[in-house]
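# Observations on the model geometry
One-letter residues, chain by chain:
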Amino acid sequence: MKDISLITFILLILISCQQDRKTPEIDAIPKTDWQEMNLKGNVEYIREIPYEVINGRKQAFSYYFLTIDSDEYRNQDFFFNEKGMTIKKSEYDTDNRTIIFYWTPVFDEKGRIKEQDWKGINDLTKITFVYDEKGYKVEENRYNGNYLTTKIIFEYSKKGILEEEKLYDNNNQLRQRVLYEYNSEKQHLIKEKHVSLGGNFLNINNLKFDNITEYTYDSNGNIIEKYGRNDKNNYDLYDYRYDYKYDDKGNWIQCIETQKDGSKIIREREIRYRK
């Protein structure tokens, strides 16, 4: 049970990291974090705070939570170096002051992140990354102390387009696959298929997809619709639509999310640019 709980937590953190990471554009030869986050200009710092809309008025969330798609609703900040790479990320409780966790990177000689050191999460202390000779990220390893808990393998097409991720547990057994589809220009991720294998391992050649998420973008490359469904049982998971306000650099500073039931979430950003 402990292993399953840990795997579930790692999956949630993986999805969270992907939101902070997952650009609408393809993940080929490593981009800067500015590019991964679709940022324009010499961004030095971002603080992002989410609010619920209750009776037409925004208010802070009353509790801290972590769910499959809650990465968009968390109080967090990012610090970037002059090359556009994140040098620290922190996440805060609802008081906007108490740090729940943070991570800092270690870079290799080519300026790529080779390790993230995590503080504040009991089951995660560091993440290490492996790149191939072309510069593609091909492996990610997650640790609790010196204990390897999760390994993720990234597979690319011949043109360098990320096509699949495979997530293995501490016994090197495949637990999840994520398959990616892009638009005709190969520049925007339009669909991801999550295949959860759980504790009952299926024939890898005869998998049934569990969850599918589809994305639509605006002309700035930001997501304007995120639709999720369970493909196996054919029911909707969510349908979110997004409206943005931008600063004069073209970065969004407010995002209003409207959910299927009409409820709204507002995310606001403070962005500081390097002079």
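That block above? That's the structure.
All values reported here derive from a predicted model rather than from experimental measurement.

### Focus: the pairing of strand β14 (residues 223-230)
Counting buried residues along β14, seven of its eight residues qualify, which places the element largely inside the surrounding structure. Where strand β13 (residues 211-217) lies against β14, seven bridges are found, and the strand directions are antiparallel. Across the sheet, residue Glu-214 finds its bridge partner in β14, namely Tyr-227. The antiparallel hairpin formed by β13 and β14 contains five residues in its connecting segment, where Gly-221 sits at a positive phi of about 85 degrees. Where β14 meets strand β15 (residues 235-246), six bridges bridge the pair, whose relative direction is antiparallel.

### As for the nonpolar core
By size, the foremost hydrophobic cluster in this structure holds 23 residues, and its most contacted members are Leu-162, Tyr-180, Tyr-182, Leu-189, Ile-223, Tyr-242 and Tyr-244. Sorting the residues of this core by element identifies β9 (147-156), β10 (162-168), β11 (174-182), β13, β15 and β16 (252-258) as the ones contributing at least two each. Here the element with the most residues in this core is β15; it accounts for four residues. Once you skip the residues sitting within four places of it in the chain, Tyr-244 turns out to touch Asp-218, Asn-222, Ile-223, Ile-224, Trp-252, Gln-254 and Cys-255. Grouped together as the second largest cluster of nonpolar side chains are 10 residues, Phe-101, Trp-118, Leu-124 and Tyr-131 included.

### Re the pairing of β10
By the criterion of burial, β10 is predominantly enclosed, with six of the seven residues buried. Of the strand pairs in this sheet, β9 and β10 are connected by six bridges, and their pairing is antiparallel. Considered in β10, the bridge of Tyr-156 is made with Leu-162. Between β9 and the antiparallel strand that follows it, β10, lie five residues; Gly-160 among them carries a positive phi value of about 85 degrees. As judged from the five bridges shared by β10 and β11, these two strands associate in the antiparallel manner. Bridge assignment links Leu-167 to a residue of β11, and that residue is Gln-176. What sits between β10 and β11 in their antiparallel hairpin is a turn of five residues, with Asn-172 showing a positive phi close to 60 degrees.

### Observations concerning the environment of Arg-269
Residue placement: Arg-269 occurs in strand β17 (residues 264-273). Classification of Arg-269 as buried rests on a relative accessible area of 13%. Here the alpha-carbon distance between Arg-269 and Ile-49, two residues 220 residues apart in the chain, equals 6.5 Å. Discounting residues that sit within four places of it in the chain, Arg-269 has contacts with Leu-39, Ile-46, Arg-47, Glu-48, Trp-252 and Ile-253. For Arg-269, the side chain forms a polar contact with the side chain of Glu-48, separated by 3.3 Å.

### Comments concerning the side chain of Arg-112
Among the secondary structure elements, Arg-112 is positioned in the loop between β5 (99-107) and β6 (113-119). Beyond its immediate sequence surroundings of up to four residues, Arg-112 is in contact with Val-106, Phe-107, Tyr-131, Asp-132 and Gly-135.

### Observations regarding the pattern of salt bridges
Going through the model one piece at a time under the given rule, you end up with 14 salt bridges. Note that Arg-142 and Glu-140 form a salt bridge whose closest N and O atoms lie 2.4 Å from each other. Assigned by exposure class, Arg-142 and Glu-140 land together as buried. Lys-191 is the salt-bridge partner of Glu-214, the closest N and O atoms lying 3.7 Å from each other. One end of the pair, Glu-214, is in strand β13; the other, Lys-191, is in strand β12 (residues 189-196), and 23 residues separate them in sequence. For Glu-214, a relative accessible area of 26% gives the class partly exposed. Owing to a relative accessible area of 19%, Lys-191 belongs among the buried residues under this scheme. Linked by salt bridges that have partners in common, Glu-48, Arg-267 and Arg-269 make up one network.

Rules and cut-offs
- In this convention, every chain numbers its residues from 1, walking through the sequence in written order.
- With pLDDT at 70 or above as the cut-off, local features in this predicted model cover only qualifying residues; side-chain atom pairs require 80 or more to be listed or tallied, and sums for whole chains, interfaces and linings still use all residues.
- To get the side-chain values, take all heavy atoms of the structure and skip hydrogens and water.
- Three labels apply to residues, based on accessible area from a 1.4 Å probe with only protein chains included: buried if under 20% of the type maximum, exposed if over 50%, partly exposed otherwise in between.
- What counts as a helix is a DSSP run of H or I of at least four residues, what counts as a strand is a run of E of at least two, and both are numbered from the N terminus.
- At least two DSSP bridges between two strands are required for those strands to pair.
- Side-chain atoms within 4.5 Å link the members of a nonpolar core, which is a set of buried Ala, Val, Leu, Ile, Met, Phe, Trp, Tyr and Cys residues.
- Working rule for contacts: check all heavy atoms of both residues, and any pair within 4.5 Å makes them a contact.
- Pairs of N or O atoms are called polar contacts if they sit within 3.5 Å, as long as, within protein, a hydrogen donor faces a hydrogen acceptor (for residues adjacent in sequence, only side-chain-to-side-chain pairs).
- A side-chain nitrogen of Lys or Arg and a carboxyl oxygen of Asp or Glu constitute a salt bridge if their distance falls within 4 Å.

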